[in-house]
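Coordinate inspection notes
In case you want the letters, here they are:
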Amino acid sequence: MTRNIIISPSILAADFSRLGEEIAAIDAAGADWIHCDVMDGHFVPNISYGADVIKAVRPVTSKIFDVHLMIAPVDPYLEAFAKAGADVITVHAEAGPHLDRSLQAIRSLGKKAGVSLCPATPESAIEYVLDRLDLVLVMTVNPGFGGQSFLDSQLDKIRRIRSVIGDRPIRLEVDGGVTRDNAAAVAAAGADTLVAGSAVFRGGNSADYASNISAIRAAAEAGRVPELQHSSVQSLRTGEAARIR
Ligand code: DX5
Ligand code: ZN
């Protein structure tokens, strides 16, 4: 199934002294979701912001808050992020021994559940939790910092996860080093949800944000795999040759 492209700007690249205004600006500039990177200085070597900051900016927009938790342990904090206004809560497969439990906890809080994989983590990490997932996030940099270069090694993983997802209603999100120059390749590999920090906030004003978002979206739309091709691949895998036309 080919889904519409979602652009989720990471506010890690915003001017934190004007965070509310920056979120309003990317909302008006055409952002679909708002990507919130939470870092603890333990699971990743950087500290960003927590649930209180997310709660404070929640009233600025009605867009989906796509909260990426780079923290360990994560389970004790899920409720706080749910109450702060997260809509999608994504945890790292590497952040603890009980991924299945974390995903159940997110859904029991009434939120969409995501899992993120670091560059060295294979796609097999999600094999037994597929039915608990609303989103898979493939890290295309090592998590912890914005502004890093996209790791081409992850394109193959994106393709494999696209195939594993099949027709399930699970979004495939890519995060790290995404730009207008690689968005087509990312979408062609099967991603339908693109996070971008530096590439969206480059320029520093609302007009730049709008042109940055539309350039990334246009590239992704142009690169994405046609629906027919996806359904054919899926049909071949399931032996339903009659569906191919
Ligand atoms: C990295 C974060 C990313 C980051 C993306 O750990 O998860 O969301 O902010 O920033 P860019 O697009 O600049 O790589
Ligand atoms: Zn992120």
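Below, the structure is looked at part by part. Everything quoted here is computed from the prediction, not taken from an experiment.

Now for the overall build of the protein chain. In terms of helices and strands, the protein chain carries nine helices and eight strands. In summary, the protein chain has a C-alpha radius of gyration of 17 Å against a globular reference of 18 Å for 245 residues, a match within 12%. Projected onto its principal axes, the C-alpha positions of the protein chain cover 55 × 40 × 30 Å. Considering the protein chain as a whole, with its 245 residues, one finds that 52% of them fall into the buried category.

Surrounding the zinc ion (ligand 2) are the protein donor atoms H35 (NE2), D37 (OD), H68 (ND1) and D175 (OD), which sit 2.0 to 2.3 Å from the metal. Viewed at the metal, the six donor atoms of the zinc ion (ligand 2) are separated by angles of 68 to 170°, and the geometry they form is octahedral. Between the donor residues of the zinc ion (ligand 2), the gaps in sequence give the motif H-x1-D-x30-H-x106-D. Taken as a pair, D37 in strand β2 (residues 33-39) and D175 in strand β7 (residues 171-175) lie far apart in primary sequence, 138 residues in all. Residue D37 is classed as buried on the basis of its relative accessible area of 4%. Accessibility expressed as a relative area gives 7% for D175, which makes it buried.

Close contact between helix α1 (residues 19-28) and helix α8 (residues 206-223) brings their axes to 8 Å; oriented N to C, the two are set at 45°. Put simply, α1 runs oblique to α8. The two elements α1 and α8 cross, and the hand of that crossing is right-handed. Contacts between α1 and α8 pair E22, A25 and I26 from the former with S206, Y209 and I213 from the latter. Among the residues forming the contact of α1 with α8, the class breakdown is four nonpolar, one polar and one charged.

The rules behind these values
Residues numbered from 1 in each chain as written. Chains lettered and ligands numbered in written order. Predicted model: local features only at pLDDT ≥ 70, side-chain atom pairs only at ≥ 80, totals over all residues. Heavy atoms only, no water. Helix = DSSP H or I, 4+ residues; strand = E, 2+ residues; numbered from the N terminus. Rg over C-alpha atoms; globule rule 2.2 N^0.38 Å. Buried < 20%, exposed > 50% of the residue type's maximum accessible area, 1.4 Å probe, protein only. Donors = N, O, S within 2.8 Å, 3.2 Å for Na, K, Ca; no water. Tetrahedral: all angles 85-135°; square planar, octahedral: opposite > 155°, others 65-115°. Axes fitted to C-alpha atoms, helices over the stretch in contact; angles between N-to-C directions. Parallel < 35°, antiparallel > 145°, perpendicular 65-115°, else oblique. Left-handed = near helix turned anticlockwise from the far one by under 90°. Contact = heavy atoms within 4.5 Å. Nonpolar A, V, L, I, M, F, W, Y, C, P; charged D, E, K, R; others polar.

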